[in-house]
Amino acid sequence: MKNNYNLRSIAAQTIGQVLDQGQSLSTLLPALNNKISDKDRALLQELCFGTLRVLPQLEWCIQQLMAKPMVGKQRTLHYLLMVGMYQLLYTRIPAHAAWRKRSMARWR
């Protein structure tokens, strides 16, 4: 199965559904299993549960870095920042792997 998805984006959208719509992460994750590869399931689960576990710390960090809070459609970007910060601060994934090379090609 070719990886035609962005796992961090899926994690951010899922976290948004939990926080904004009050959905259960335990019911959202199984529904995503057919959209991602077997090897990415554990990482998606770690990113989602981990981000929510340390949510107050991540919110505080973002609050210190932003001049004003993100609202509306910007909330997805807010959740993406939280997932990235969680990955950098709380996992053993190297910092250079937090932003995939394929994602960087879009900015050229």
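Above this text is the structure in question.
In this text the structure is predicted, and so the values were computed from the model without any measurement. (Residues numbered from 1 in each chain as written. Predicted model: local features only at pLDDT ≥ 70, side-chain atom pairs only at ≥ 80, totals over all residues. Heavy atoms only, no water.)

Undergrad: Help me understand the packing of helix 3 (residues 38-53) against helix 4 (residues 55-65), please; the structure alone is not making it clear to me.
TA: Two numbers describe a pair of packed helices, the interaxial angle and the distance between the axes. Across the interface, helix 3 lies against helix 4 with an axial gap of 5 Å and an inter-helix angle of 75 degrees. One way to sum up the angle between helix 3 and helix 4 is to call them roughly perpendicular. On helix 4, the residues that touch Thr51, Leu52 and Arg53 of helix 3 are Leu55, Pro56 and Leu58. (Axes fitted to C-alpha atoms, helices over the stretch in contact; angles between N-to-C directions. Helix = DSSP H or I, 4+ residues; strand = E, 2+ residues; numbered from the N terminus. Parallel < 35°, antiparallel > 145°, perpendicular 65-115°, else oblique. Contact = heavy atoms within 4.5 Å.)

Undergrad: I would appreciate a short explanation of the pattern of salt bridges in the present structure.
TA: Pairing of side chains with opposite charge becomes possible as their charged atoms draw close. In the structure shown here, the tally under the stated rule is 1 salt bridge. Of the charged contacts, one joins Arg41 and Asp38 as a salt bridge, the two residues approaching to 3.0 Å between their closest N and O atoms. Taken as a pair, Arg41 and Asp38 lie in helix 3 at a separation of 3 residues, close to a single helical turn. For Arg41, a relative accessible area of 32% corresponds to the partly exposed category. Relative accessible area serves as the criterion here: at 59%, Asp38 is assigned to the exposed category. (Salt bridge = Lys/Arg side-chain N within 4 Å of Asp/Glu carboxyl O. Buried < 20%, exposed > 50% of the residue type's maximum accessible area, 1.4 Å probe, protein only.)

Undergrad: Could you clarify how one ought to interpret the packing of helix 3 against helix 5 (residues 75-90) in this entry?
TA: Running from N to C, helix 3 and helix 5 cross one another at 95 degrees; their axes reach a closest spacing of 9 Å. Here helix 3 is positioned roughly perpendicular relative to helix 5, judged by the angle of their axes. Note on element contacts: helix 5 touches helix 3 through Met82, Val83, Tyr86 and Gln87, opposite Glu46, Leu47, Gly50, Thr51 and Arg53. Looking at the contact of helix 3 with helix 5, its residues break down into 4 nonpolar, 3 polar and 2 charged. (Nonpolar A, V, L, I, M, F, W, Y, C, P; charged D, E, K, R; others polar.)

Undergrad: Which parts of the structure should I look at to understand the environment of Leu32?
TA: Considering the arrangement of structural elements, one finds Leu32 in helix 2 (residues 25-32). For the pair Leu32 and Ile10, spaced 22 residues apart in sequence, the C-alpha separation works out to 8.7 Å. Beyond its immediate stretch of four places on either side in the chain, Leu32 contacts Ile10, Thr14 and Leu44.

Undergrad: Explain the side chain of Thr91 here, please?
TA: The topology assignment puts Thr91 in the loop between helix 5 and helix 6 (101-105). Separated by 2.5 Å, the side chain of Thr91 and the backbone oxygen of Gln87 make a polar contact. In this structure the side chain of Thr91 is engaged in a polar contact, spanning 3.4 Å, whose partner is the backbone nitrogen of Ile93. Ignoring anything within four residues of it in the chain, the contact list for Thr91 reads Glu46 and Tyr86. (Polar contact = N/O pair within 3.5 Å; in protein donor to acceptor, adjacent residues only side chain to side chain.)

Undergrad: What is the right way to read a nonpolar patch on the surface from this model?
TA: A cluster of nonpolar side chains, namely Leu65, Met66, Leu77, Leu80 and Leu81, defines an oily patch on the protein surface of about 430 Å² accessible area. No other element matches the 3 residues that helix 5 contributes to the nonpolar patch. Assignment of secondary structure puts Leu77 in helix 5. For Leu77, a relative accessible area of 45% puts it in the partly exposed group. (Patch = residues over 30% accessible without salt bridge, like charges linked within 9 Å, V, L, I, M, F, W, Y side chains within 5 Å. Areas by Shrake-Rupley, 256 points an atom, 1.4 Å probe, with all protein chains shown as cover.)

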